[in-house]
Amino acid sequence: MIEVKDLYKKFGRTVALQGITLEIKKGQIYGFVGPNGAGKTTVMSILATLLTPTSGTAKVGGYDCVKHPREVRRLIGYMPDFFGVYDNLTAYEYLDFYGASYGLSPKERQRAIPQMLELVQLTHKTDEYVDMLSRGMKQRLGLARCLIHDPEVIILDEPASGLDPRSRIEMREILKVLRETGKTILISSHILPELAEMCDTIGIIESGKLVATGKVEEIYRKMRAQRLLKIRVLDKWEPLLARLRSAPEVSNAVREDDHIIISFNGSDSEQAALLQTLLIEKYPITAFSEIEGNLEDIFLEITKGVGS
Ligand SMILES: Nc1ncnc2c1ncn2[C@@H]1O[C@H](COP(=O)(O)OP(=O)(O)OP(=O)(O)O)[C@@H](O)[C@H]1O
């Protein structure tokens, strides 16, 4: 349903995309994860026909986003990460306006708008002015707006960004409902666990390159296979670093301020055995713990440098 091939985008001297290739099949929910400036918005804007690539191709439903923008626009609902002003419209009028601009007849709009408001749990705000809605509600209304013409493909750029935890959960619940409708969805976020729950495939983008892609379970397996441990000692820093680097399960060990971070590829029992050995060898260890962090941070740590 979405086909992106060798996509490059330059803004002056900034290279935003460096050869992105990905395919999203009909009905798939694809999560795009990456830090700020990685290129997520650029890919989505190209798919939404708002930007043209420097080279490479992007297609939606077989239509080229540059050559057939009208056809592509009919197929997609795009929710940007930033919304404009609302000019004193009520929630209903706002959706009515966008419905009309998508070519829906008054009758179709009368039917679709209450359905959309119900989907995004804003029925009780039908006649409320949009400017008066909370940020989470505005975001949900934005989602309703991009769904008003019943698109086959939904492109959501950080739909939960800037929302408080409760609003994030509400947004996630709505997206789960959408998933059940069989639509093809491309959704971006900084936070992998947030996407992992609802996506079947994840692409990790860094510096304009896709550094990892696969089923959520595969990505998690890769992450579980390598964890980051934080070790603090009173002294003997250098011998400990050398000792850690010689351990077979340790792929990397670096000193950062008052602790050492190691990339560890072993099991829980191997982790326990390492700690035991270090204590037997009389390293004055004061802390030995796994960095919980969010999984995306750990993944980006693992893939660090791959995209640059
Ligand atoms: N209109 C533009 N003009 C110049 N540079 C741009 C423009 N749009 C994006 N960029 C640059 O392209 C790169 C990719 O930006 P993009 O917005 O696609 O990243 P992102 O992954 O969506 O990040 P964020 O999570 O912050 O939205 C960045 O270096 C950004 O500064």
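Scope of this entry: the structure provided in the associated data block.

Criteria and thresholds
- Residues numbered from 1 in each chain as written.
- Predicted model: local features only at pLDDT ≥ 70, side-chain atom pairs only at ≥ 80, totals over all residues.
- Heavy atoms only, no water.
- Pairing = 2+ DSSP bridges.
- Helix = DSSP H or I, 4+ residues; strand = E, 2+ residues; numbered from the N terminus.
- Buried < 20%, exposed > 50% of the residue type's maximum accessible area, 1.4 Å probe, protein only.

1. Notes on the pairing of strand β10 (residues 209-215)
- As defined by bridge partners, strand β9 (residues 201-206) adjoins β10 across 6 bridges and the pair is classed as antiparallel. Looking at β10, one finds that Ile-202 is bridged to Gly-214.
- The antiparallel pairing of β9 with β10 creates a hairpin that spans 2 residues between the two strands, and Ser-207 there sits at a positive phi of about 50 degrees.

2. Considerations on helix α1 (residues 40-47)
- With 7 of 8 residues buried, α1 is to be regarded as a mostly interior element.
- Of all the residues in α1, the buried ones are Lys-40, Thr-42, Val-43, Met-44, Ser-45, Ile-46 and Leu-47.
- Backbone geometry just downstream of α1 places Thr-49 in the positive-phi region, at approximately 65 degrees.

3. Observations concerning the pairing of strand β6 (residues 76-79)
- The two faces of β6 match: Ile-76 and Tyr-78 on one face and Gly-77 and Met-79 on the other face are all buried.
- Sheet analysis places β6 next to strand β7 (residues 153-156), joined by 4 bridges and oriented parallel. Looking at the pairing, Gly-77 lines up with Ile-154 of β7.

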